[in-house]
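Now for the letters of each chain:
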Amino acid sequence: MAVREVIRWGDPRLLQPARPVERFDTPELHALVRDLEDTMAALQGAGIAAPQIAVPLQVVIFGGAPSARYPEAPAVPYTVLVNPVLEPLGNHMEEGWEGCLSVPGMRGLVPRHHRLRYRGRDACGAPIERLAEGFHARLVQHECDHLAGILYPMRVRDLRHFGFTDVLFPGQAPADD
């Protein structure tokens, strides 16, 4: 469909909680998913949430082909997740470097649950339930945070571990999501 503009940190729309999707398998929802896919692919992201393109609905997509921005990350199944619910499994947290298409050129060390279960629906309304760990779990948590108006810098515990990618990791290719 279209590559959409990704709104950036500072835009108040990113801080607003997203509304649940009430109707599935509609032309509008399928068009939104296609726009998210096109935008994520164009920007080489690993995931994107509808609020990042100024659509305040609980829709995220993530995974698929390996991302040039995360070449060392394990494969994550391509997923369209609508109205997600996350359930951490255990208390084990891991810190990992994250970036975001809405916070371009920056990275931060973010604690996330190592294992979780996520539930929701696909764009047609079919139920989804999966267990995830490691990078997969991190990616789901990052994207679902957008639905609550949370951006990853809000979760950075020590601002000495937040900064511009080219300064933190000189000589490496930039990674924004």
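For the structure, see preceding data.
Let me sum up the structure you'll find in this document. (Residues numbered from 1 in each chain as written. Predicted model: local features only at pLDDT ≥ 70, side-chain atom pairs only at ≥ 80, totals over all residues. Heavy atoms only, no water.)

## Notes on unusual backbone geometry
At step 1: Even without glycine at this site, Asp25 takes up a positive phi of about 55°.
At step 2: Along the polypeptide, Asp25 turns up in the segment before α1 (27–42).
At step 3: Backbone geometry at Asn83 places phi at a positive 55°, although glycine is not the residue there.
At step 4: By secondary structure assignment, the location of Asn83 is in strand β3 (residues 76–88).
At step 5: Look at Asn83 and you get buried, because its relative accessible area is 19%. (Helix = DSSP H or I, 4+ residues; strand = E, 2+ residues; numbered from the N terminus. Buried < 20%, exposed > 50% of the residue type's maximum accessible area, 1.4 Å probe, protein only.)

## Notes on the sheet that holds strand β5 (residues 103–113)
At step 1: Strands sit in the order β4-β5-β8 across an open sheet of 3 strands; the sheet is antiparallel. Among the strands making up the open sheet, the edge pair consists of β4 (93–100) and β8 (162–164). Shown here is a sheet whose adjacent strand axes are inclined to one another by a mean of 20°, direction ignored.
At step 2: In this sheet, β5 lies alongside β4 in antiparallel orientation, the contact comprising 7 bridges. Across the sheet, residue Cys100 finds its bridge partner in β5, namely Val103. (Pairing = 2+ DSSP bridges. Axes fitted to C-alpha atoms, helices over the stretch in contact; angles between N-to-C directions.)

## Considering the sheet that holds strand β6 (residues 115–121)
At step 1: One open sheet accounts for 5 strands, arranged β1-β2-β3-β6-β7; its pairing is antiparallel. Pairing within the sheet leaves two strands with one partner each, and these edge strands are β1 (47–49) and β7 (127–133). This sheet shows a mean twist of 35° between the axes of neighbouring strands, independent of strand direction.
At step 2: Sheet topology note: the β6/β7 ladder contains 7 bridges and is antiparallel. Bridged to Arg119 within β7 is Glu129.

## Here we look at a nonpolar patch on the surface
At step 1: Taken together, the side chains of Trp9, Leu15 and Met154 present a nonpolar region at the surface, about 300 Å² in accessible area.
At step 2: Considering the arrangement of structural elements, one finds Leu15 in the segment before α1. (Patch = residues over 30% accessible without salt bridge, like charges linked within 9 Å, V, L, I, M, F, W, Y side chains within 5 Å. Areas by Shrake-Rupley, 256 points an atom, 1.4 Å probe, with all protein chains shown as cover. Salt bridge = Lys/Arg side-chain N within 4 Å of Asp/Glu carboxyl O.)

## Concerning the packing of aromatic side chains
At step 1: Summed over the entire model, instances satisfying the criterion amount to 4 aromatic pairs.
At step 2: Seen in terms of ring centroids, Trp9 and Phe162 are 6.3 Å apart; in terms of plane orientation they differ by 70°. Their pairing is edge-to-face. Of this pair, Trp9 sits in the segment before α1 while Phe162 sits in strand β8, and the two are 153 residues apart along the sequence.
At step 3: The exposure class assigned to Trp9 is partly exposed, which follows from its relative accessible area of 42%.
At step 4: Here Tyr152 and Phe162 contribute two aromatic rings whose centre-to-centre distance is 6.1 Å and whose plane-to-plane angle is 65°, an arrangement assigned as edge-to-face. Taken together, the residues span a long stretch of sequence, with Tyr152 in the loop between α2 (134–147) and β8 and Phe162 in strand β8 at a distance of 10 residues. Judged on exposure class, the residue Tyr152 and its partner Phe162 are both buried.
At step 5: Within the aromatic cluster, the residues linked to one another by ring pairs are Trp9, Tyr152 and Phe162. (Phe/Tyr/Trp six-rings, centres within 6.5 Å; stacked < 30°, edge-to-face > 60°.)

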